[in-house]
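# Commentary on secondary and tertiary structure
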Amino acid sequence: GDTVLCWPYLNGSYQMPEMEGLSSNEDVITIGKKGSDIVLNCVGTGVAKITIRPKYNPTLQREYIFKVGAEGAIDINSAVISNPVDKNYNGYSQTQTVSVTYDGLTLSSSDYTVTYENNRNAGTATMTVTGKGLFSGTKTLTYKINPIDISGYSVTLDKTSVAYNGYEQTPY
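Residues numbered from 1 in each chain as written. Predicted model: local features only at pLDDT ≥ 70, side-chain atom pairs only at ≥ 80, totals over all residues. Heavy atoms only, no water.

### Quick look at the pairing of strand 16 (residues 138-146)
Moving residue by residue along a regular strand, the side chains alternate between the two faces of the sheet. Put simply, the test is: Only strands that DSSP links by at least two bridges are regarded as paired with each other. Helix and strand definitions follow DSSP, with helices as H or I runs of at least four residues and strands as E runs of at least two, each counted in order from the N terminus.
Relative to strand 16, strand 10 (residues 87-88) runs parallel, the two sharing 2 bridges. The residue bridging Asn88 from the neighbouring strand is Asn146, located in strand 16.

As structure tokens, then:
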């Protein structure tokens, strides 16, 4: 597997305080030690958050997200995608704020794309999330674009009728 070695730079010089590493998913990455070095062992396919910190002060920790596996190894349908919310018609394309998580970790836009169809006018809009990199497949979700409620408005015309002349006319 891949190896990450840590040599902290503290107080103007390289020092070797005792460090510890934590993995959020040991089915993907396990943490070992080789002397004073922390060794990451990639043991499976998935996503894991690795936390590296000195034992003397855990608040100095650094967190890294590792995505391990072949391209397209994980179906995006196994991720949790935020449900789209209904929108009100406003004359513009209606998009969503999308959140995608896998094993409790939030994925970045480098892991998926989002496309939309029928998302401008009132009716049912479609949002398609497509996996990239480690993720493959698509998941389609729908949401409603509500029409404008015009019940509180009135229309007043200067003319209430026009004489027929064989052409389209506008009463004004």
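Now that the structure has been shown, the text picks up again.
### Thoughts on the nonpolar core
Our working definition: As used here, the term nonpolar core means buried Ala, Val, Leu, Ile, Met, Phe, Trp, Tyr and Cys residues forming a set that is joined through side-chain atoms within 4.5 Å. Summary of the burial criterion: residues with accessible area below 20% of their type's maximum are buried, those above 50% are exposed, and those between are partly exposed, where the area comes from a 1.4 Å probe applied to protein chains only. Whether two residues are in contact is decided by their heavy atoms: any pair within 4.5 Å suffices.
In terms of nonpolar packing, the biggest core is built from 19 residues, with Ile76, Val100 and Phe135 touching the most fellow members. Sorting the residues of this core by element identifies strand 11 (100-102), strand 14 (123-131) and strand 16 as the ones contributing at least two each. Look past the residues within four positions of Val100 in its chain and what remains in contact with it is Ile76, Ala79, Val80, Ile81, Leu105, Thr106, Leu107 and Tyr112. Counting residues in each nonpolar core, the second largest holds 9 residues, with Met19, Leu40, Ala48 and Ile50 among its members.

### Some points on the pairing of strand 3 (residues 19-23)
Only one face of strand 3 is buried, namely the one carrying Met19, Gly21 and Ser23, since none of Glu20 and Leu22 on the opposite face is buried. Pairing analysis gives 5 bridges linking strand 3 to strand 6 (residues 46-54), with the strands arranged antiparallel. The residue bridging Glu20 from the neighbouring strand is Arg53, located in strand 6.

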